[in-house]
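Structure assessment
Spelled out, the chains give:
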Amino acid sequence: MGNKVLMKGNEAVAEAAIRSGCRLYFAYPITPQSELIEYMAKMMPKVKGTFLQAESEVAAINMVYGAAGMGKRVMTSSSSPGISLKMEGISYLAGARLPAVIINVQRGGPGLGDIQPAQGDYFQATKGGGHGDYRLIVLAPSSVQEFADMASDSFDLADKYRVPVMILSDGLLGQMMEPVEFKEYKTDKEIEELGKQHYDWCIHTNEDGKGHHHNEINSLEIDPNVLERHVLNLEQIYKEIEKNEVKHEEYNINDNNEFVCVAFGTAARIVKSAIDDLNAEGRNIGLIRPITVWPYPYKEIAKTIHGNVKRVFVFELNLGQMVEDVKLAVNGKVPVEFMGKVGGLVFTPEEIKEKIKAYL
Amino acid sequence: MKSEMIFSGFGGQGALAIGKFIAQSAMSEGKNVSWLPSYGPEMRGGTANVSVVVSDTEIASPVVSFPHIMVALNQPSLDKFGPSVKANGLIVVNEDLCPNVVKRDGVDYVVAPLNKISKEIGDDKVLNMIAIGIIIEKTNIIKYDTLADHLTSFLKDRNAELLALNLEAIKKGMELAR
Amino acid sequence: MAIIAKRPDSLREVSFTYCPGCMHGVAHRLIAETVDELGLKNQMTGVAPVGCSVFAYKFFDFDMAQAAHGRAPAVATGMKRARPEMNVFTYQGDGDLAAIGTAEIVHAANRGEHISVFFVNNAIYGMTGGQMAPTTLPGMKTTTSPYGRDANDIGYPVRVCELLNTLEAPYYIERVSLLSVPEIIKAKKAVQKALTYNKEGRGFTFIEFVSTCPTNWGLDPVKSQQWAKENMIPFFKPGVFRDKGTEGGQK
């Protein structure tokens, strides 16, 4: 510990996943997440783990479904178009209540789009994407260190609630190198114990001393009354997650803020630069950065909208997606302004300052 | 203190590596760093480039629009990034591949034939190390010793000859900048 | 009193959901009996498809998974890789395996995944009500080929065993039928071979069962058997396509 290494986000999250006990990884190549799959190809054999390049994103997520059903820590990664292909499988993971980690290194869309950083998959990640009533826990990192830390956090959350967890990153965080400090490797024994915590539901041999069992990994409930119970049970789990797992960062939030900005991931970093400059000129502007974008910090944002706050600004690398959640949080108390950047372009601090200055 | 830099050139000239060595050394000296490369088709267009930020405090935006320091290993890089370098900034120009250098007032220029010099040293590959030498001499972003230690630990057992060439190239760059 | 017939241990006391005259029950039984005989029940697991056998996960008396349509070979890949100490099979119909799941079966076979695939081919989509399958015969009428399958328009039936037999990795590929008692006895031997190879970790094993669908064909069970013998068998010829476990192996 205490050793910082300079690493790309794509590689750092892969290394951190291995250290958190992930020994199964299935994926299909796509830019800008290639370093992630390549890192796994290189490192998994060294820890006697499974790396498998699947024939498609669809196959990869279904391999994840199979491995997760065995109660093991398993991960896949892709970028936007590939995540769309995985959506079928993600819905099945949610329906069958399987813990798994999915990484989206977002790029510009729609369609094939481009390979530059974007945040256009916010709706897909937080509001559905796949079919049916389900939620993903979605974590949005804004530095390479946080990206890496989220690997172990997401496995813990997935195991705790038996739900799939997504890390919603982007091409900038994937490609960028920053210093990162890793946690220790989990030992083989610790990893084995992690698997055993799921023995009451997962597929495993009958030779664990507990006698015969018939566990089913399944999302099909043909009787509507049974399916209703299942979905209501999911709702209870989602409520529990909303109660316990909301995370956000406050940056220069105080009682005298005149403006409050809201941004997540990469966009939040650019906004920080812009408000640093404006605050140096005598303004008092704060930033709320949702770290979990589902569950969303509605209450936490609402709390910052006190009498002095005149306006809320939302900055995203899309046409305006998270802004809908911010408006729900603000609930009409003050105007909410939005600025987006699309096409895989990233706004500069200057552009953000200009937007805010127009309202001074 | 915060320094923002852009290093740019044709793919294969080692512009991204300039950034990596500077970021790595600055990190060893306890600084915050970020290294953000261009990627994709842009790499083939003549300006494979990387934005590097070195700072005493947390780095917010890793995107550099107005660099303090810019290295142009070829003409498209100089044309693209030269105009955005900050006043009192530093531009390092590879004269061999930049036939058209129009100097701006208030910006410090080091213009040198980096291809020619690297050939004289004995290996084309050390071209980018000359540029790093220039930056070491002109600024206090990183110390020569930090980079030398880093290169030594990396190359000593793998390629001692290349290590010697690299160190020579850095020193040559430092001389040029004096 | 000697017991001469009983439910295999590996089948649960759950009623099948299949139509009268359907052969899925027979195919299930062959698998379950073999699992018992090989003493595999404690480490056996399987994947149910989407199709008539979607509830197969309820019928076998060991842990089971249910997969998205066509994805069973990918799910089984993940399962086997996660717990190599277990023996994994998939059970799939013709729409699941040879249409929507074509990529998954070809690539699982091509990787030589250490799983067994049991493929039931009755030339029709049963669960959704008798639509055309990738194995529907030319001229055969279904609800989505009401004028008969026109091979010039929609192509010919897919012969999966022959297709997979072009790949290097598969260890054992055989087509059997469930169209008479002697054929069922032969089919049992193929299942025994596949699961023995599976137990021994030899590689990818694949059994195709030529079967019937009395309900959607609109024929009684006996006539269905007769129809399949006359029409399906000439097109889907039974035989061992690949057996690397025998002397001289390949064919």
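Quick summary incoming for the structure in this document.

The rules behind each value
Residues numbered from 1 in each chain as written. Chains lettered and ligands numbered in written order. Predicted model: local features only at pLDDT ≥ 70, side-chain atom pairs only at ≥ 80, totals over all residues. Heavy atoms only, no water. Helix = DSSP H or I, 4+ residues; strand = E, 2+ residues; numbered from the N terminus. Rg over C-alpha atoms; globule rule 2.2 N^0.38 Å. Buried < 20%, exposed > 50% of the residue type's maximum accessible area, 1.4 Å probe, protein only. Contact = heavy atoms within 4.5 Å. Phe/Tyr/Trp six-rings, centres within 6.5 Å; stacked < 30°, edge-to-face > 60°. Lys NZ or Arg CZ within 6 Å of the ring centre and 35° of its normal. Axes fitted to C-alpha atoms, helices over the stretch in contact; angles between N-to-C directions. Parallel < 35°, antiparallel > 145°, perpendicular 65-115°, else oblique. Left-handed = near helix turned anticlockwise from the far one by under 90°. Pairing = 2+ DSSP bridges.

1. Concerning the overall build of chain B
Scanning chain B from N- to C-terminus turns up six helices and six strands. In chain B, the succession of helices and strands from N to C terminus is β-α-β-β-β-α-β-β-α-α-α-α. Relative to the 2.2 N^0.38 estimate, which gives 16 Å for 178 residues, the radius of gyration of chain B is 15 Å and therefore close to what a compact globule would have. Projected onto the principal axes, the alpha-carbon positions of chain B cover approximately 40 × 40 × 35 Å. Evaluated residue by residue, chain B yields a buried proportion of 57% over its 178 residues. Within chain B, residue pairs in contact and separated by at least 24 positions form 56% of the contacts whose partners lie at least 6 positions apart.

2. Quick look at the packing of aromatic side chains
As enumerated under the stated definition, the model contains 23 aromatic pairs over all chains in all. Geometrically, the ring pair formed by Phe313 of chain A and Phe315 of chain A is stacked, given 6.3 Å between the ring centres and 10 degrees between the ring planes. Per residue, the accessibility class of Phe313 of chain A equals that of Phe315 of chain A, and both read buried. Their ring planes at 90 degrees and their centres at 6.3 Å tell us that Phe62 of chain C and Phe89 of chain C sit as a pair that is edge-to-face. With Phe62 of chain C in the loop between helix H2 (56–59) and strand E2 (64–66) and Phe89 of chain C in strand E3 (residues 87–93), the pair connects residues that are 27 residues apart, well separated along the chain. Residue class for Phe62 of chain C comes out buried when judged on its relative accessible area of 1%. Lying over the aromatic face of Tyr251 of chain A, Lys272 of chain A brings its terminal NZ or CZ to 5.0 Å of the ring centre.

3. Concerning the packing of helix H10 (residues 265–280) of chain A against helix H13 (residues 349–357) of chain A
Describing two packed helices takes the angle between their axes plus the distance from one axis to the other. Residue and element names in this part refer to chain A. Between H10 and H13, whose axes approach to 8 Å, the crossing angle comes to 60 degrees. By the criterion of interaxial angle, the relationship of H10 to H13 is oblique. In this structure, the crossing between H10 and H13 has a hand that is right-handed. For the pair formed by H10 and H13, the contact residues are Ile270, Val271, Ser273, Ala274, Ile275, Asp277 and Leu278 on the first element and Pro349, Ile352, Lys353, Ile356 and Lys357 on the second.

4. A few points about the environment of Trp294 of chain A
Residues and elements named next belong to chain A. When you line up the elements, Trp294 lands in strand E13 (residues 292–294). Overall, Trp294 belongs to the buried group, its relative accessible area being 6%. In this structure, the C-alpha to C-alpha distance between Trp294 and Ile191, residues 103 residues apart in sequence, is 27 Å. In contact with Trp294, not counting residues within four places along its chain, are Thr126, Arg135, Leu136, Ile137, Val138, Tyr238, Ile241 and Glu242.

5. A look at the pairing of strand E4 (residues 69–72) of chain B
Taken residue by residue, a regular strand's side chains alternate between the two faces of the sheet. All names here are of chain B. Alternating residues of E4 divide into Ile69 and Val71 and Met70 and Ala72, and every residue in both groups is buried. In this sheet, strand E5 (residues 90–94) lies alongside E4 in parallel orientation, the contact comprising four bridges. In the sheet register, Ala72 faces E5, and the bridge partner there is Val93.

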